[in-house]
Amino acid sequence: MQSFVLRRALPAASASAITAWAGLTTLNDDWDDYFHSSNTKVSSEPEKVVILGSGWGALNCLRKCASPNTEVVVVSPRPHFLYTPLLASSSVGTITLRSACEPVRALVESAASKATSATFVRANAQDIDTKNKKVIASADSDGMQLELSYDKLVIAVGSEPNTFGIPGVKEHALFLKEAEDSAKLHYTSTL
C-alpha cells in the first residue's frame, strides 16, 4: 500500500496541485507576479510606454506596465473608463451614469505610485510615425498638435459597434457603447 501511494498517488496529487495553481494563475493573468524576466535591461534612462485608449485593454496594460524605471503616458479623448456592462442599467435609471464611469486620472495616479511617472493626456491620436517612434495627437479643436515619443506603443482604442451590413441600422438604431448612448436612450425613454 505504501509503495502504491509513493509511486502513483503522490505524483498524481502533486501534478493536480500544480495544474490547479497554473490554471488559477492563468485565469487571473498574474504570471508576471511569479516569473520575472531575467533579461531585463538596467539602464538609467526610463522606458517610455505610450498607451492609446482608455478602455479595458488599455487600463489592464497600464496596470501591467506600471513598474519602476518606466514612464507611462495614456492618450485618450475620453477622460473616463466606462464599465460597459452597467450602461444598460444607467439608461433605464437603475443606477446613475456616474456609477458606470471611473476617472482615468485616478487610475493613472495609482499607476504613478508604481512607475517612474504616469500621465494622462486628453487628446485624439492622429498619426503614428513608426520610423521615429512618435505619436502625433491633437489636443483640442484648435488643432494644437502634440508629439509624444515612445519606446513601446500600445494601441488599445477599442472598436465601433457592428451593424453587420444591415441597411438603416446606423440611422435608426440606438447603440449602447458610450456614455452618451446611455444618456440618449435614457432621455428618449422619459419622453
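A brief look at the structure comes next. (Residues numbered from 1 in each chain as written. Predicted model: local features only at pLDDT ≥ 70, side-chain atom pairs only at ≥ 80, totals over all residues. Heavy atoms only, no water.)

Brief notes about the side chain of Ser76
Examined against the element boundaries, Ser76 turns out to sit in strand E2 (residues 70-76). Within the structure, the side chain of Ser76 is placed 3.0 Å from the side chain of Ser54, a separation counted as a polar contact. Within the structure, Ser76 has its side chain in polar contact with the backbone nitrogen of Arg78 (distance 3.2 Å). Sequence-distant contacts of Ser76, defined by excluding residues within four places in its chain, comprise Gly53, Ser54, Phe120, Val121, Arg122 and Ala123. (Helix = DSSP H or I, 4+ residues; strand = E, 2+ residues; numbered from the N terminus. Polar contact = N/O pair within 3.5 Å; in protein donor to acceptor, adjacent residues only side chain to side chain. Contact = heavy atoms within 4.5 Å.)

Brief notes about the sheet that holds strand E6 (residues 124-129)
Taken in spatial order, the three strands make up an open sheet running E6-E7-E8, and their pairing is antiparallel. Of all the strands in the sheet, the pair left with one neighbour each is E6 and strand E8 (145-149). Looking at each pair of strands side by side, their axes are set apart by 25 degrees on average, direction ignored. Here five bridges tie strand E7 (residues 134-138) to E8, and the two strands are oriented antiparallel to one another. (Pairing = 2+ DSSP bridges. Axes fitted to C-alpha atoms, helices over the stretch in contact; angles between N-to-C directions.)

Some points on helix H5 (residues 104-112)
Those residues of H5 not exposed but buried are Val104, Val108 and Ala111. The buried residues of H5 occupy an angular sector of 55 degrees when the element is viewed end-on, so they sit on one face. Of the surrounding secondary structure, the elements contacted by the buried residues of H5 are helix H3 (56-65), E2, strand E3 (80-82), strand E4 (101-103) and strand E5 (117-122). (Buried < 20%, exposed > 50% of the residue type's maximum accessible area, 1.4 Å probe, protein only. Arc of directions from axis to C-beta.)

Bear in mind that shape data such as this cannot, by itself, settle questions of function.
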